[in-house]
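# Commentary on secondary and tertiary structure
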Amino acid sequence: MKKNAISMAVLILVFFLSLIMFAQPSQKKVQSRAYAGHESDRDIQNFVRQYPKTVGTRLDDCQTCHRSGVAGTDTEREYSPCGYCHLLQYPNARFKTGVPARFEDTLNAYGIEYKRNGRTSEALAAIARLDSDGDGSTNSDEIAALRYPGDSASKPKQPLAPIVTLTWDQIQKLPRQNQFLLMNTTSEPFDDYAGYAGVTMKDLLQKAGVDLNGVTGITVFAPDGFSSDCSIEDISNSYPKASFYAEPGTITDKEKTIVHYPDSIPAGILDGK
């Protein structure tokens, strides 16, 4: 893994692991931790009932059945299956080639086999002995080894990327960062001026023992596969101090207001009027 291209396949700096009771595939107690925003989705629930030992692992994840961007196209750097799949609902003008046109385009080889066989728990059993991604290992063998059955680059006996876990107590002991800013929320009716508190990415990486010397950027992956690229400047420099612009007094119709304004602003924040 090159220092100047740290795109860690699995670097979960903050990982909250709930106690989950493993049950047999036919029982309903087994529940996925993935797809938090897809509560009605039955597919990942079918998967963890069929393979209960995958609950809370890297396979309890969108990437088991979905693909990321297409190599050699504009979407190549869309590493996140979530981001690639969401292009169906939220098109991005900067992507001209490799854009999915239908749901099936967002599936990897394993996801396609699962759909072709009926998209049920029985479908998962039916394709268990297949080698969907053509890498020489059956789907069930790959799943048992916690490798992706729909990705030919993921095979049993390959080393996994190292994982560093920071506990909540360790995180709370890191320097606290407070930030006041306008949060743009593209899918909500309002934007919000609000105060946020937490720790910096740089402090998290240093606590995890990551050497940033020579690094040009990192890719952060959420447990469900969503990812975001950050340059070394993004994580090394101080976040710009926010400006506050008071609510225009000319707006009398509150239905036309698109920003929630706070009752007061923190000390040191200038009102840009």
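Predicted model, so just to flag it, every value in this text is computed and none were measured. (Residues numbered from 1 in each chain as written. Predicted model: local features only at pLDDT ≥ 70, side-chain atom pairs only at ≥ 80, totals over all residues. Heavy atoms only, no water.)

### With respect to the overall build of the chain
The following threshold applies: Strands here are runs of E lasting at least two residues and helices are runs of H or I lasting at least four, both read from the DSSP assignment and numbered beginning at the N terminus. Remark: exposure states derive from per-residue accessible area (1.4 Å probe, protein chains only) relative to the maximum for the residue type, with buried under 20%, exposed over 50%, and partly exposed in between. The contact criterion used throughout is that any non-hydrogen atoms of two residues lie within 4.5 Å. Methods summary: accessible areas were calculated by the Shrake-Rupley approach with a probe of 1.4 Å, and residue burial reflects only the protein chains presented.
If you tally the helices and strands in the chain, you get eight helices and five strands. Relative to its 273 residues, the chain shows a buried fraction of 36%. Looking at the chain alone, contacts between residues at least 24 apart form 50% of all its contacts between residues at least 6 apart. If you sum the accessible surface of the chain, you get close to 17000 Å²; carbon and sulfur atoms cover 53% of it.

### Remarks on the packing of aromatic side chains
For clarity, the cut-off: We call Phe, Tyr and Trp rings a pair once their centres come within 6.5 Å, taking the six-membered ring for Trp, and we label the pair stacked below 30 degrees between planes, edge-to-face above 60, and tilted otherwise.
Applying the stated criterion across every chain yields a total of five aromatic pairs. Aromatic pair Phe47 and Tyr110: ring centres 6.4 Å apart, planes at 85 degrees, arrangement edge-to-face. Highlighted residues: Phe47 in helix H1 (residues 43–50) and Tyr110 in helix H3 (residues 109–116), separated in sequence by 63 residues. Just as Phe47 is buried, Tyr110 falls in that class too. Between the aromatic rings of Phe180 and Tyr193, the centroid separation amounts to 5.9 Å while the plane-to-plane angle is 10 degrees, which identifies the pairing as stacked.

### Examining unusual backbone geometry
One non-glycine residue, Arg119, adopts positive backbone phi at about 60 degrees. Along the polypeptide, Arg119 turns up in the loop between H3 and helix H4 (121–126). Note on Arg119: relative accessible area 24%, which makes it partly exposed. Residue Leu146 is not a glycine yet carries a positive backbone phi of 60 degrees. Assignment of secondary structure puts Leu146 in the loop between helix H5 (139–144) and helix H6 (168–172).

### As for H3
The following threshold applies: An arc is given here, and it is the one of the directions from the helix axis to the C-beta atoms. The term polar contact refers here to a pair of N or O atoms within 3.5 Å; inside protein, the definition further demands a hydrogen-donor-capable atom paired with an acceptor-capable atom, and it admits residues adjacent in sequence only when both atoms are side-chain atoms.
Listing the buried residues of H3 in full gives Tyr110, Gly111 and Tyr114. For H3, the buried positions fall inside an angular range of 100 degrees around the axis, keeping them on one side. Residues of H3 that are buried make contact with H1, H4 and H5. Measuring from the side-chain oxygen of the N-cap residue of H3 to the backbone nitrogen of Tyr110 gives 3.0 Å; that N-cap residue is Asn108.

### Some remarks on the pattern of salt bridges
For clarity, the threshold we go by: Every case where a carboxyl oxygen of Asp or Glu lies within 4 Å of a side-chain nitrogen of Lys or Arg is listed as a salt bridge.
What the rule picks out here adds up to five salt bridges. As a salt-bridge pair, Asp43 and Arg119 come within 2.8 Å of each other at their nearest N and O atoms. On the criterion of sequence distance, the pair formed by Asp43 in helix H1 and Arg119 in the loop between H3 and H4 is long-range, its members being 76 residues apart. In this structure Asp43 comes out as buried when scored by relative accessible area, which is 13%. Asp105 is paired through a salt bridge with Arg102; the nearest N and O atoms lie 3.3 Å apart. Accessibility expressed as a relative area gives 26% for Asp105, which makes it partly exposed.

### Considerations on the pairing of strand E2 (residues 191–198)
For a regular strand, side chains alternate in direction, first toward one face of the sheet and then toward the other. So the rule is basically this: The rule for pairing is simple: two strands pair if DSSP sees at least two bridges between them.
Where strand E1 (residues 177–183) and E2 come together, seven bridges link them in antiparallel fashion. Paired with Phe180 across the two strands is Gly195, which belongs to E2. Pairing of E2 with strand E5 (residues 259–260) involves two bridges; the strand directions are parallel. Directly across from Asp192, in E5, lies its bridge partner His260.

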